[in-house]
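# Survey of secondary and tertiary structure
Here's the letter readout for the chains.
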Amino acid sequence: MRNPVQDYLEQIVEQCGAAGGEVAAYIPELAAADPDRFALCLATVDGQVYEVGQAEHRFSIQSISKPFTYALGLHDQGVETVARKVDVEPSGDAFNEISLAPGSGRPKNPMINAGAITATSLVAGDDEDDRFGRALDWFGAFAGRELEVDEGVYGSELATAHRNRAIAHMLREFEILEDDPEEVLRRYVRQCSIAVDTRDLALMAATLANGGRQPRTGRQLLEAHLVEHVLSVMTTCGMYDAAGDWVSAVGMPAKSGVSGGIIGVLPGQVGVAVFSPRLDAHGNSARGVALFERMSRDMEMHLM
Ligand code: DON
């Protein structure tokens, strides 16, 4: 028997076709992506997954890593230590803006690069490999399977990461970073290069929707009170300088990445993920935004 959720998702994918935009070109490996690939997945808090399109096609997670690294920083260091290093104010700027508070150097929020590099520095561990290994295991635990780094994307991004390198060194100058900025930069770029598929992202989002418990494995990964902190910054800062439009039109915590993914979290209900590499002027997946707007309207997902 046909499932009405599946039927609905197939119908809106048909109706919200190509939405224009360009594939990200500043990382050479990303410029080679097929612009017309597409997937939509929805994972419920009881572990049911619905998918349309190429749900098992893998791509680098990019900035969708940021809420999960921030979560690990909170889990390792606690709210107060993290808050001393990175604020939770929307910046209204692009993701790669060199926006550090005058005087203190404290980044505006953990969703822009400056704040995400800071959050990366807060992951605990004995050395670079141990810290990165913990992050990789953490992401894998949210997805419910072991994940790997796309080494091609990693090498390509690290070789061209001049702006992020500058940000990391500025953060070190302000003593926001206490470690070697090159080590933190490598881990930041590596975690952006973790390969995921749309189904993984939906389950990662569903774990946040489920109060930090992975719906399929049943493991409590993130303390429920910390989930609130992560969802709050996703709501106010997850879509960068489009955050206001997003909250008006979609109204749920979300995060986008330049490879074309977007996740959205409806607490207590579902995690949603879309993959479509053509980006709008804010660097968010154009078809992804269109689909989220449509789902929010039709399914009354708007939380405000
Ligand atoms: O820092 C960067 O440039 C990338 N690794 C991540 C950027 C990203 O995904 C921005 N999101 N839309």
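Calculation criteria
- Residues numbered from 1 in each chain as written.
- Predicted model: local features only at pLDDT ≥ 70, side-chain atom pairs only at ≥ 80, totals over all residues.
- Domains from an automatic or database assignment.
- Contact = placed C-beta atoms within 7 Å.
- Helix = DSSP H or I, 4+ residues; strand = E, 2+ residues; numbered from the N terminus.
- Nonpolar A, V, L, I, M, F, W, Y, C, P; charged D, E, K, R; others polar.
- Buried ≥ 20, exposed ≤ 12 C-beta atoms within 10 Å, placed from the backbone.
- Pairing = 2+ DSSP bridges.
- Near = placed C-beta within 6 Å.
- Axes fitted to C-alpha atoms, helices over the stretch in contact; angles between N-to-C directions.

## Details of the domain arrangement of the protein
Often, the extent of an interface is quoted as the loss of accessible area on bringing the components together. Domain parsing of the protein yields domain 1 (4-59 + 196-299) and domain 2 (63-192). Averaged C-alpha coordinates put domain 1 and domain 2 at centres separated by 21 Å. Facing 35 residues of domain 1, the contacting portion of domain 2 comprises 29 residues. Elements represented by at least two residues in the side of domain 1 that touches domain 2 include exactly α2 (28-31), α10 (198-209), α11 (224-237), β6 (254-256) and β7 (261-266). Top element by residues in the side of domain 1 that touches domain 2 is α11. It accounts for 8 residues. When its residues are assigned to classes, the side of domain 1 that touches domain 2 shows 17 nonpolar, 11 polar and 7 charged.

## Some details on the pairing of strand β8 (residues 270-275)
Where a strand is regular, its side chains alternate between the two sheet faces. For β8, the tally of buried residues reaches 6 of 6 residues, placing the bulk of the element in the interior. Residues Val270, Val272 and Val274 point to one face of β8 and Gly271, Ala273 and Phe275 to the other, with burial holding for every one of them. As paired elements, strand β1 (residues 39-44) and β8 share 6 bridges and run antiparallel to each other. When the sheet's bridge partners are listed, Thr44 is paired in β8 with Val270. Sheet analysis places β7 next to β8, joined by 6 bridges and oriented antiparallel. Bridged to Ile262 within β8 is Val274. In sequence, β7 turns back onto β8 through a hairpin of 3 residues, with Gly268 there showing a positive phi of about 80°.

## Re the site of the ligand
In the vicinity of the ligand, the contacting residues are Gln62, Ser63, Phe95, Asn96, Asn113, Glu157, Asn164, Cys192, Ser256, Gly257, Val258 and Gly283. Across the shell around the ligand, the residue classes break down as 3 nonpolar, 8 polar and 1 charged. Mapping the shell around the ligand onto the domain boundaries places at least three of its residues in each of domain 1 (4-59 + 196-299) and domain 2 (63-192).

## Some points on the sheet that holds β1
Paired through backbone hydrogen bonds, the strands of a sheet run either parallel or antiparallel to each other. Pairing is antiparallel in the open sheet, where 5 strands are placed in the order β2-β1-β8-β7-β6. Of all the strands in the sheet, the pair left with one neighbour each is β2 (49-53) and β6. Across the sheet, the mean angle separating the axes of adjacent strands is 10° when strand polarity is ignored. Judged from the 3 bridges that link them, β6 and β7 form a sheet pairing that is antiparallel. Paired with Lys255 across the bridge in β7 is Ile263. Packing of helix α13 (residues 286-299) onto the sheet brings it into contact with β1, β7 and β8, and relative to β8 it is tilted by some 150°.

## Overview of the sheet that holds strand β3 (residues 59-60)
Read across the open sheet, the 3 strands follow the order β3-β5-β4; overall the sheet is antiparallel. Sheet topology places β3 and β4 (148-149) at the edges, where each strand pairs with a single neighbour. Pairing analysis gives 2 bridges linking β4 to strand β5 (residues 194-196), with the strands arranged antiparallel. Opposite Glu148, over in β5, you have Ala195 as the bridge partner.

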